[in-house]
Amino acid sequence: MQTATHLDREHCVRAVQSKDARFDGWFFTAVLTTRIYCRPSCPVVPPKPENMTFYPSAAACQQAGFRACKRCRPDTSPGSPEWNQRADLVARAMRLIADGVVDREGVPGLADRLGYSTRQVERQLLAELGAGPLALARAQRAQTARLLIETTPLPMTEIAFAAGFSSLRTFNDTVREVFALSPSELRARAPKSGAGTPGVLSLRLPFRAPLNPANLFGHLAATAVPGVEEWRDGAYRRTLRLPYAHGIVSLTPRPDHIACRLTLSDLRDLPVAISRCRRMLDLDADPVAVDDRLRTDPLLAPLVDKAPGRRVPRTVDEAEFAVRAVLGQQVSTAAARTHAARLVTAHGKPLDDPEGGLTHLFPSPEALAAVDPETLAMPRTRRTTFTTLVRELAEGTLHLGVESDWAEARARLLDLPGFGPWTVDVIAMRALGDPDAFLPTDLGIRRAAQELGLPSTPAALTARAEAWRPWRAYAVQYLWATDGHPINFLPV
């Protein structure tokens, strides 16, 4: 029997019997008598323990011949927190698969990005997840197909190819096998929502409760680059550079989900856009595990109890964030936005936004590498830092994508001129996604530490923070929250 690598059978059974939504996405329950697989919180009466078997992925369930439950829709559960808190081969592979690499480049492309042989990648994924990269990508295609079937009026042929299927027949067979319904039956069961706008999709992004939107959306809105990002009518909106084309996303916090409105130039970008938005909002985190660890420090516990569920605001574009981190060195938030806005206006790709004030994509590293350094309004030393960074990104000698090895990327950044611990750690926290990145030299962190009675010198604070591992990036959010800076509040 295969069981999730992080939970034993007894824990799995208890989670299913208590319908514990915290474990949705951690593992899946397959019922031997019905041949259906569910999320742990499925609302139906739990099966007898002897009829349950457990798998670490939906793909493994599908590969074993189980079909998705029509009540709890396990394919729409939050992703496993494992893949955003690790930097080993399996975690990096899962992030790349979610980013659509297998569909675009095949398994050889996945292996090449990871620096391993296809055989080794397949072996490790199969050992930990019960499914290889093709099966995992197929499960993602099935989920994308379901979204398009239920939320758009597109013909099935267009949906099949937009979801990444090579033929209409493969699309039909996969949908029937995974959901026990034909594509037309799935559409007939979906709530009627009107014709909608072509190319615009309205989705619900699930998360594990609790989620505190204040620092998450407050940070994104307060640091928004004009033309690329904005806060409008209670939603954070931004432009997206995607593998096939571009898009615009609008994200609105709700009590039990994030409302996501995507405008895509090419629907093949849908799974990548969703994956990047989830990653930016840290929606696959396990906030209970994080907060339980931080509560063990008596000086942090009151902050956690006051506003639990803080997430780490991340990014949809790692290279963009690294550039913005350099622009923000030793200047205010407002000054950093101004510098970035000038770059966007001068070198970003223009686009139309009928609904708001978004005007450009953030400039690519290639576009920025072609900029005359003398035109940059910044000190000469920072100019050198900026030009070195964009050149390394453009030439591919520095990788900050989801496939990055965190330790290797940190070392590479530290070798660049003008990159000190603060810049490297803020990139590690918000671009690489390292949940244990820490900023002991940050002025806001030191001020908060002094106010709370924590050690305020970087060395002493780092020593105290050993007890917060592996969640020090979340401790940063709680410490920042002691300040009245706009990053800590939802815009009005």
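The structure contained in this document is the topic of the report that follows.

Rules behind the numbers
- Residues numbered from 1 in each chain as written.
- Predicted model: local features only at pLDDT ≥ 70, side-chain atom pairs only at ≥ 80, totals over all residues.
- Heavy atoms only, no water.
- Pairing = 2+ DSSP bridges.
- Helix = DSSP H or I, 4+ residues; strand = E, 2+ residues; numbered from the N terminus.
- Axes fitted to C-alpha atoms, helices over the stretch in contact; angles between N-to-C directions.
- Buried < 20%, exposed > 50% of the residue type's maximum accessible area, 1.4 Å probe, protein only.

**Here's the deal with the sheet that holds strand β6 (residues 229-232)**
The five strands lie next to each other as β5-β9-β8-β7-β6, forming an open sheet whose pairing is antiparallel. The two strands at the open ends of the sheet, each matched to only one other strand, are β5 (200-205) and β6. Strand-to-strand, the axes of this sheet are offset by a mean angle of 20 degrees, without reference to chain direction. As paired strands, β6 and strand β7 (residues 235-241) are joined by four bridges and run antiparallel to one another.

**Digging into unusual backbone geometry**
With an omega dihedral of 0 degrees, the bond running from A209 to P210 counts as a cis peptide bond. For P210, the position within the fold is in the loop between β5 and α10 (213-222). For K19, which is not glycine, the phi torsion reads 55 degrees and is therefore positive. On the secondary structure map, K19 appears in the loop between α1 (9-17) and β1 (28-31). Classification of K19 by relative accessible area gives partly exposed; the value is 30%. Backbone geometry places D233, a non-glycine residue, at a positive phi of 55 degrees. Here D233 shows up in the loop between β6 and β7. By relative accessible area, which is 76% here, D233 ends up exposed.

**As for the pairing of strand β3 (residues 52-55)**
On β3, burial covers both faces: M52 and F54 on one face and T53 and Y55 on the other are all buried. Two strands pair when backbone bridges link them, and β1 and β3 are joined in this way by four bridges, in the antiparallel orientation. Following the sheet pairing, F28 is matched in β3 by Y55.

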